[in-house]
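Architecture and fold: a report
The primary structure of each chain is shown beneath.
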Amino acid sequence: MGSAEDLVARCQAGDVEAFETIYRQHASRLYTLACRMAGSPEDGEDLLQEIFLQAYRKLGSFKGDATLGTWLYRLALNHCLDYVRSRRAKMNKLTSAIEGEIACEPAARRETPIARLDLERAVERLPEGCREAFVLHDVEGFDHKEVGRLLGIAEGTSKSQVFKARMKLRALLGKP
Amino acid sequence: MHPNEDAIHAYVDGSLGAAERTGIDRHVASCASCRQLLEDLREILRAAKALELREPPARVWSRLERAITLERDDAEPVARRLQPSGMASDTGPAEAGHDRRASGARGPASGARTLQPSGTASDTGRAEAGHDRRATWLAAAAAVVLATAVGLRFMPSGGESVRSGAPATTTVAEGDRAESVETELRQAEAHYEKAIKGLEQIASAERNALDPRTAATLQRNLAVIDQAITESRAAVRSEPASEPAQQSLLENFKSKIALLQDTVALINEMRKGNEAGAARIVSGLKQKGD
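Analysis parameters
- Once a new chain begins, its residue numbering starts again from 1 and follows that chain's sequence as written.
- Labels follow written order: the first chain is A, the first ligand is 1, and so on.
- Reporting in this predicted model follows two pLDDT cut-offs: at least 70 for local features of residues, and 80 or more for side-chain atom pairs to be given and counted; totals over whole chains, interfaces and linings ignore these cut-offs and use all residues.
- Calculation of side-chain values draws on the structure's entire complement of heavy atoms; hydrogens and water are dropped beforehand.
- Per the convention used, a helix needs a DSSP run of H or I reaching at least four residues, while a strand needs a run of E reaching at least two, with both numbered from the N terminus.
- Only protein chains enter the calculation, and the probe is 1.4 Å; a residue is then buried if its accessible area is under 20% of its type maximum, exposed if over 50%, and partly exposed in between.
- Residue-level accessible areas treat just the shown protein chains as cover; the underlying method is Shrake-Rupley with a 1.4 Å probe.
- Here, residues are in contact when the closest pair of their heavy atoms is within 4.5 Å.
- Whether two aromatic rings pair depends on their centres lying within 6.5 Å, for rings of Phe, Tyr and Trp, where Trp uses its six-membered ring; planes under 30 degrees apart make the pair stacked, over 60 edge-to-face, and the rest tilted.
- Two limits define a charge over a ring: the Lys NZ or Arg CZ must be within 6 Å of the ring centre, and within 35 degrees of the ring normal.
- When two parts are brought into contact, each loses some accessible area as probed by a 1.4 Å sphere; the total of that loss over both is the buried area.
- Whenever a carboxyl oxygen of Asp or Glu lies within 4 Å of a side-chain nitrogen of Lys or Arg, that contact is scored as a salt bridge.
- We define a polar contact as two N or O atoms separated by no more than 3.5 Å, with the added condition that, inside protein, one atom must be a possible hydrogen donor and the other a possible acceptor, whereas residues neighbouring each other in sequence contribute only through side-chain atom pairs.
- Nonpolar cores were defined as sets of buried Ala, Val, Leu, Ile, Met, Phe, Trp, Tyr and Cys residues, with membership established by side-chain atoms within 4.5 Å.
- Here the limits of each domain have been adopted from an automatic or database domain assignment.
- Helix span is expected to be 1.5 Å times the residue number reduced by one.
- One axis is fitted to the seven residues ending at the residue and one to the seven starting there. The bend at that residue is the angle between these axes.
- Predictor confidence is given residue by residue as pLDDT, running from a minimum of 0 to a maximum of 100.
- Lines are fitted to the C-alpha atoms to define the axes, a helix being fitted only along its stretch in contact, and any angle between axes, read from their N-to-C directions, falls within 0 to 180 degrees.
- Here is the rule for handedness: rotate from the far helix to the near one, and if that takes an anticlockwise turn smaller than a right angle the crossing is left-handed, while a clockwise turn gives right-handed.
- Polar here means any residue other than Ala, Val, Leu, Ile, Met, Phe, Trp, Tyr, Cys and Pro, which are nonpolar, and Asp, Glu, Lys and Arg, which are charged; Gly is therefore polar.

1. A closer look at the overall build of chain B
The helix and strand inventory of chain B stands at 11 helices and 0 strands. Walking chain B from its N terminus toward its C terminus, one meets helices and strands in the order α-α-α-α-α-α-α-α-α-α-α. Buried positions account for 46% of the 290 residues belonging to chain B. Accessible area for chain B stands at about 14,500 Å²; split by element, carbon and sulfur atoms hold 54% of it.

2. Section: the overall build of chain A
Scanning chain A from N- to C-terminus turns up 9 helices and 0 strands. When the helices and strands of chain A are placed in sequence order, the string is α-α-α-α-α-α-α-α-α. Residue burial in chain A is summarised as follows: out of 176 residues, 57% are buried. If you take every contact in chain A between residues at least 6 apart in sequence, the share linking residues at least 24 apart comes to 66%. In the form shown here, chain A has an accessible surface area of approximately 7,400 Å², with 52% of it arising from carbon and sulfur atoms.

3. Here we look at the packing of aromatic side chains
A full pass over the atoms with the stated rule returns 7 aromatic pairs over all chains. Seen from their ring centres, Y73 of chain A and F142 of chain A are 6.5 Å apart, and the 25° between their planes marks the pair as stacked. One end of the pair, Y73 of chain A, is in helix α4 (residues 68-86); the other, F142 of chain A, is in the loop between α7 (130-139) and α8 (144-151), with 69 residues separating them in the sequence. The pair formed by Y73 of chain A and F142 of chain A is uniform in burial state, with each residue classed as buried. Members of the aromatic cluster, joined through ring pairs, are F19, Y23, F52 and Y56 of chain A together with W61 of chain B. Sitting over the face of the ring of Y11 of chain B, R21 of chain B holds its NZ or CZ atom 4.1 Å from the ring centroid.

4. Topic: the interface of chain A and chain B
Each partner contributes residues to the interface: chain A has 56 residues there, and chain B has 51 residues. The junction of chain A with chain B conceals about 5,100 Å² of combined surface from both sides, 56% of it contributed by carbon and sulfur atoms. One can count 7 salt bridges joining chain A with chain B. Seen at the junction of chain A and chain B, the total is 11 residue pairs in polar contact (both at pLDDT 80 or more). Elements that contribute at least two residues to the side of chain A that touches chain B include exactly α2 (16-38), α3 (41-58), α4, α5 (88-103), α6 (116-125), α7 and α9 (155-172) of chain A.

5. Some words on the nonpolar core
If you look at the biggest cluster of nonpolar residues, it comprises 65 residues, and the most contacted ones within it are F19, F52, L119, F134 and L169 of chain A. Of the residues forming this core, the biggest block, 13 residues, is contributed by α2 of chain A. Built from parts of two domains, this core gets at least three residues from each of domain 1 (4-91) and domain 2 (102-172) of chain A. With near-sequence residues (within four places) excluded, L169 of chain A lies in contact with L119, A122, V123, L126 and F134 of chain A together with I44 of chain B. By size, the runner-up hydrophobic cluster in this structure holds 29 residues, among which are I196, I202, I257 and A278 of chain B.

6. Focus: α2 of chain A
Residues and elements named next belong to chain A. An ideal rise of 1.5 Å per residue puts 33 Å on 23 residues; α2 reaches only 28 Å between its terminal C-alpha atoms. Of all bends in α2, the biggest is about 50°, found at H26. Of all 23 residues making up α2, 20 are buried, and the element is well covered by its neighbours. For α2, the side-chain oxygen to backbone nitrogen distance between the N-cap and E17 is 2.9 Å, and the N-cap itself is D15. Two residues or fewer past α2, G39 is found with a positive phi of approximately 85°.

7. A closer look at the environment of Q227 of chain B
Residue and element names in this part refer to chain B. Examined against the element boundaries, Q227 turns out to sit in helix α9 (residues 212-238). Look at Q227 and you get partly exposed, because its relative accessible area is 43%. Linking Q227 and N252, residues 25 residues apart in sequence, is a C-alpha distance of 9.5 Å.

8. With respect to the confidence of the model for chain B
Residues and elements named next belong to chain B. Averaged over chain B, the pLDDT score is 66; the fraction of residues at 70 or greater is 60%. Across residues 75-137, where pLDDT falls below 50, the model places 75 contacts with residues more than four positions away in sequence or in other chains. In the predicted complex, the global pTM is 0.58; the interface-specific ipTM is 0.84.

9. Topic: the environment of E132 of chain A
Residues and elements named next belong to chain A. As for its placement among the helices and strands, E132 is situated in helix α7. Spatially, the C-alpha atom of E132 lies 8.8 Å from that of Q161, the residues being 29 residues apart in sequence. Those residues in contact with E132 that sit more than four places away from it in its chain are M37, V84, P127 and L151.

10. Some points on the packing of α2 of chain A against helix α4 (residues 58-72) of chain B
Relative orientation of the contacting elements α2 of chain A and α4 of chain B amounts to 145°, with a least axis distance of 11 Å. The chirality of how α2 of chain A crosses α4 of chain B is right-handed. Residues V16, F19, E20, Y23 and R24 of chain A of α2 of chain A touch α4 of chain B, and the partners they reach there are V60, W61, L64, E65, I68 and R72 of chain B. Across the contact of α2 of chain A with α4 of chain B, the residue classes tally to 7 nonpolar, no polar and 4 charged.

As structure tokens, this is what we get:
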């Protein structure tokens with residue numbers, strides 16, 4: 001298997017198997033992040049490929065001062081954030097469309113615990129903007145200050161987006 | 001009087017001061033609706049923390065491996081790499097070496113994997129080598145076809161137009177926007193159709209590598225997606241400005257490309273003799289078909 005440094009050195013020497021080992025070790029974590037940030041498995045799949053292609057090209061800049069997992073996570077997060085920003089022009093329109101949709105669909109209250117799959121699907125249905133803030137804060141564990149910095153919004157905006165996301169999830173999951 | 005919702009969110013986050021916390025504790029003890037909100041938010045947070053990792057489809061690595069190999073071997077002319085006619089017999093050592101790399105096999109030094117099924121000895125002959133090389137050009141051809149579609153992200157109604165592949169439109173006056181969106185959609189559609197056609201050619205030419213049941217499952221899934229494409233295309237034609245209709249059409253194109261990619265990846269794994277890889281892909285196909 002080899003250490004991260006060994007794997008990186010082998011990748012740089014053209015060993016695709018070493019890169020596959022890195023991929024197998026980290027793909028799930030980054031794919032999960034990409035799917036949730038993008039809001040769809042299809043886009044998550046494209047993002048994952050782009051992330052690892054970029055990682056392959058940039059392996060030379062991995063200096064070992066962070067773990068390889070941390071380095072890849074940062075690269076993936078930046079890539080996802082670029083993607084999110086590129087969609088920002090569309091964000092407001094989509095947000096209002098989905099808000100309207102959710103407002104028209106009051107779900108009956110469910111007393112059963114939240115199923116993992118239901119939550120995943122509900123997160124995908126969150127409006128652009130509040131979904132990313134929710135994923136970064138409530139799933140990935142960043143604080144509001146960090147979320148604000150990552151998304152280029154104020155700390156207070158991060159809070160209001162996360163709170164909005166939770167309330168929408170509550171409605172989508174039949175817990176209004 | 002109810003505390004405001006923000007205070008309740010801050011309460012579940014643990015970011016309220018002691019005095020405010022006590023105030024909310026006192027209130028929820030006698031207010032069923034605020035107590036319910038508090039419990040619901042806690043449950044959502046618990047569930048969010050407990051979300052599991054997702055496994056990416058097997059085709060992502062196949063696609064990535066191909067892209068990396070093509071990038072690494074960029075110096076070699078693409079036409080030569082995609083040349084299926086050289087797969088059978090008379091390639092020299094250098095080319096055979098390239099073929100091993102490109103098809104995912106490793107040299108003796110790294111040694112962890114070969115393309116031969118179940119550890120067959122290296123002298124199983126030219127047929128094996130032919131399979132290796134066939135798998136190579138097959139996957140490489142699929143990668144090139146997909147280069148027209150990967151990263152193609154049409155954004156309806158005035159967002160970023162596309163990532164690659166289709167020409168970007170410049171900013172236009174509001175009155176011309178609908179026409180511009182339709183033009184972009186048509187361009188994106190043309191790119192998807194081109195990619196699909198290329199993949200279909202590869203998949204149908206190599207379909208005899210699949211067992212009949214898997215081929216039938218694939219055919220059934222393709223028929224469902226084709227029907228969805230027909231319906232969403234009709235919706236776009238009758239309402240060209242409808243975002244849901246545009247999105248639906250593009251999503252259906254992407255689904256078809258993904259299924260064809262799975263087909264090519266599956267054929268490739270079977271030709272390489274990688275039963276585990278093939279089983280992983282078939283399992284994904286069955287889940288989608290269920």
